[in-house]
Amino acid sequence: MIGLASGWILLSTVGSESPGDRARLEVVRTAISIVAGVGGATALLLAARRQRTNELALLETKHDAAERRTTELYSAAIEQLGSDKAAVRLGGLYALERLAQDNLAHRQTIVEVMCAYLRMPLAEVDEAVPAEGLELATLKQTLAEERRVRHAAQHILCSHLRLSKDGSGKPTNSKFWPDTDLYLAGAVLRHLNFSGCRVRSAVFSNATLEGSAMFDGAVFDGAANFVGASMDHAVLHGATFRGPALFSHASIMDALFTGARFAGPARFDNARLEDTDFSGARFEGLALFTNAATEDTIFAQAIFGDSALFPRTTSANFEGARARTDLEPPIRWPSGWTLLASAGDDGNSAIPAAWATVARKDLSS
């Protein structure tokens, strides 16, 4: 209708020189321009919407294809882990590592799969059981190969959890996996090298750490659960426990906690500690050593910033340890140990007056 009306008006005003006709002509021209502009804008909007719809459909197709490909690779790697051939199992581990590196959304799941593999029971060879020489040799070889596969799994995890830094403190490990949780309850771990690693949380409850277990410089941002764990020749020098450090009922022998920092509660109640060195360690939260066997354990130069409970009788050494004098409840020291006069009395202004040094009541004994 607008087109017919505007055409009629244009024809009727052809040759007209009157001001009114010229005004009507301008109005019509303006109306036609507006209609044409609106039509063009509408066409552009529709074209943009179609383009956006096509782009979203393409992205969704690519995402679905990527997810299917990831699922296929994941399933194939899991199947490899179930192989009876050590080389195939190794291939499955490294395939999972590549997937975890490239797929952040699936990384924690893959870490849990590797942890589950390490938690699986490890068969032992009983040489006392009669067996043919070839069969026994085969069993030994199978066990040795499985240990190598598990050591590879440990290495993969630790290599991606180690936040290496250069001299200026800048991280150098481009393949570091942040915010990772480990669940290794009941696992048998041999010669674990966790030095410099950083995790959000870790569970080593009832785990057996065979051989040397290296945790020096490790950082636990959340809870570190070693309840019931067994470790010999462990090194936790300079380790940082920012959350609860749980070592209740653990068996710890020949271990170094020197310079370790316990920012949260540290529980060693009912633990067995032999030849364990806490020299220079910082206990900033509650420290519980109740009912712990602390034979030949050293707390020399350790710092206690909160309450602590120790067995009444122990052979542990507290020489030079420092503690606050205004704690409530106060620290319960073992028999024969007490706080000396305020450390601030020795003229060292760097030591707050609220701190005192631990020493034997009878220094001559």
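As a starting point, this report considers the structure included with it. Positions within a chain are numbered from 1, following the residues in the order the chain's sequence is written. Local features in this predicted model are restricted to residues of pLDDT 70 or higher, and side-chain atom pairs are both shown and tallied only at a pLDDT of 80 or more, whereas totals for entire chains, interfaces and linings draw on every residue. Excluded from the side-chain calculations are hydrogens and water; all other atoms, namely the structure's heavy atoms, are used.

Let us look at the overall build of the chain. Elements are defined by DSSP. Helices are runs of H or I of four residues or more, strands are runs of E of two residues or more, and each kind is numbered from the N terminus. Summing up its helical and strand segments, the chain has 5 helices and 24 strands in all. Per-residue burial over the chain gives 38% buried out of 365 residues. In the chain, 25% of the contacts between residues at least 6 apart in sequence involve partners at least 24 apart. The Shrake-Rupley method, run with a 1.4 Å probe sphere, supplies the accessible areas, and residue values consider only the shown protein chains as cover. Accessible area for the chain stands at about 19,800 Å²; split by element, carbon and sulfur atoms hold 57% of it. Three exposure classes are used, based on accessible area relative to the maximum for each residue type with a 1.4 Å probe and protein chains only: buried under 20%, partly exposed in between, and exposed over 50%. By the convention used here, residues are in contact when the closest approach between their heavy atoms is within 4.5 Å.

Turning next to the nonpolar core. Here the nonpolar core consists of buried residues drawn from Ala, Val, Leu, Ile, Met, Phe, Trp, Tyr and Cys, with membership extended through side-chain atoms lying within 4.5 Å. Core analysis: the biggest nonpolar cluster contains 79 residues, and Phe194, Phe215, Phe247, Phe262, Phe268 and Phe304 have the highest contact counts within it. Not counting residues within four places of it along the chain, the set of residues in contact with Phe262 comprises Phe241, Ala245, Phe257, Phe268, Phe278, Ala281, Arg282, Phe283, Glu284 and Gly285.

Take the environment of Phe289 next. Tracing the chain through its elements places Phe289 in the loop between β18 (287–288) and β19 (293–295). For the pair Phe289 and Phe268, spaced 21 residues apart in sequence, the C-alpha to C-alpha distance is 4.9 Å. Those residues in contact with Phe289 that sit more than four places away from it in its chain are Phe268, Asp269, Leu273, Phe278, Phe283, Phe299, Leu309, Phe310 and Pro311.

This part is about the packing of helix α3 (residues 86–102) against helix α4 (residues 104–119). Axis definition: a line fit to C-alpha positions, over the contact stretch in the case of helices; interaxial angles, taken between N-to-C directions, run 0 to 180 degrees. The N-to-C vectors of α3 and α4 enclose an angle of 150 degrees; their axes lie 7 Å apart at closest approach. As the angle between them shows, α3 and α4 are arranged roughly antiparallel. The chirality of how α3 crosses α4 is left-handed. The residues of α4 that touch α3, namely those facing Arg89, Leu93, Leu96, Glu97, Leu99, Ala100, Gln101 and Asp102, are Leu104, Arg107, Ile110, Val113, Met114 and Tyr117. When residues are sorted by character, Ala, Val, Leu, Ile, Met, Phe, Trp, Tyr, Cys and Pro go into the nonpolar class, Asp, Glu, Lys and Arg into the charged class, and all the rest, Gly among them, into the polar class. Its residues assigned to classes, the contact of α3 with α4 shows 9 nonpolar, 1 polar and 4 charged. Roughly parallel refers to an angle under 35 degrees, roughly antiparallel to one over 145, roughly perpendicular to one between 65 and 115, and oblique to any angle outside these ranges. In this scheme the handedness of a crossing depends on how the near helix is turned from the far one: anticlockwise by less than a right angle means left-handed, clockwise means right-handed.

The next point concerns the side chain of Glu146. Looking at the secondary structure, you find Glu146 in helix α5 (residues 133–161). Polar side-chain contacts of Glu146 include one of 3.0 Å to the side chain of Arg89. Sequence-distant contacts of Glu146, defined by excluding residues within four places in its chain, comprise Arg89, Tyr117 and Leu122. Polar contacts here mean pairs of N or O atoms no more than 3.5 Å apart (in protein, one a potential hydrogen donor and the other a potential acceptor; neighbouring residues in sequence count only if both atoms are side-chain atoms).

Looking now at a negative patch on the surface. There is a patch of like negative charges on the surface, built from Asp254, Asp275, Glu295 and Asp296. On the basis of relative accessible area, Asp254 is assigned to the partly exposed category, the value being 40%. Surface patches are defined over residues having more than 30% relative accessible area and no salt bridge, joining like charges when they lie within 9 Å and nonpolar side chains (Val, Leu, Ile, Met, Phe, Trp, Tyr) when within 5 Å. Put simply, a salt bridge is a Lys or Arg side-chain nitrogen that is within 4 Å of an Asp or Glu carboxyl oxygen. We score Asp and Glu as negative and Lys and Arg as positive, and we do not count His or the chain ends. Charged side chains are reduced to one point each, which is NZ for Lys, CZ for Arg, CG for Asp and CD for Glu.

Let's shift gears to the pairing of strand β16 (residues 272–277). Only strands joined by at least two bridges in the DSSP assignment are considered to pair. Relative to β16, strand β13 (residues 251–256) is paired through 5 bridges, and the arrangement is parallel. Bridging from a neighbouring strand, Ala255 pairs with Thr276 of β16. Pairing analysis gives 3 bridges linking β16 to β19, with the strands arranged parallel. Considered in β19, the bridge of Arg272 is made with Ala293.

Another point: the side chain of Asp277. Within the secondary structure, Asp277 sits in strand β16. With sequence-adjacent residues up to four places away left out, Asp277 is seen in contact with Ala255, Leu256, Phe257, Thr258 and Ile298.

Let's shift gears to the pattern of salt bridges. Evaluated as defined, the whole model comprises 13 salt bridges. Put simply, Glu284 and Arg261 hold a salt bridge, and the shortest N to O gap is 2.9 Å. With Glu284 in the loop between β17 (282–283) and β18 and Arg261 in strand β14 (residues 261–262), the pair connects residues that are 23 residues apart, well separated along the chain. A residue is classified by how much of its surface remains accessible, and Arg261, at 32% relative accessible area, is partly exposed. Ionic contacts of the salt-bridge type, sharing partners, join the residues Arg89, Glu146 and Arg150 into one network.

Right, let's talk about the sheet that holds strand β15 (residues 266–267) for a bit. Strand order in the open sheet made by the 7 strands is β1-β4-β8-β12-β15-β18-β21, with parallel pairing throughout. Looking at which strands have only one partner, the edges of the open sheet turn out to be β1 (181–183) and β21 (308–309). One ladder, built from 2 bridges, connects strand β12 (residues 245–246) with β15; its direction is parallel. Pairing of Ala245 across the sheet is with Ala266, part of β15.

A separate point is unusual backbone geometry. A cis amide bond, omega 5 degrees, links Glu328 with the succeeding residue Pro329. Mapping Pro329 onto the fold places it in the loop between β22 (322–324) and β23 (337–342). Even without a glycine there, the phi angle at Asn206 is positive, about 60 degrees. One can find Asn206 in the loop between β4 (201–203) and β5 (208–210). Its relative accessible area of 51% is what places Asn206 among the exposed residues.

For the rest of this paragraph, the subject is the packing of aromatic side chains. Working definition: an aromatic ring pair is given by the centre-to-centre distance plus the angle between the planes. Any Phe, Tyr or Trp ring, taking Trp's six-membered ring, that has another such ring centre within 6.5 Å forms a pair; planes under 30 degrees apart are called stacked, those over 60 apart edge-to-face, and the others tilted. A complete count under the given rule lists 36 aromatic pairs for this structure. Ring plane angle 5 degrees and centroid distance 4.7 Å describe the contact between Phe226 and Phe247, whose orientation is recorded as stacked. Placement of the pair is Phe226 in the loop between β8 (224–225) and β9 (230–232) and Phe247 in the loop between β12 and β13, with a sequence separation of 21 residues. The buried category is assigned to Phe226, whose relative accessible area is 0%. On the numbers, 5.8 Å between centres and 90 degrees between planes, the contact of Phe278 with Phe289 is edge-to-face. Of this pair, Phe278 sits in the loop between β16 and β17 while Phe289 is found in the loop between β18 and β19, placing the two residues 11 residues apart along the sequence. Grouping residues by exposure puts Phe278 and Phe289 together as buried. Any Lys NZ or Arg CZ found within 6 Å of a ring centre and within 35 degrees of that ring's normal is scored as a charge over the ring. In this structure, Arg150 packs its charged tip against the face of Tyr117, placed 5.7 Å from the ring centre. The ring of Trp355 carries the charged tip of Arg322 above its face, separated from the ring centre by 5.8 Å.

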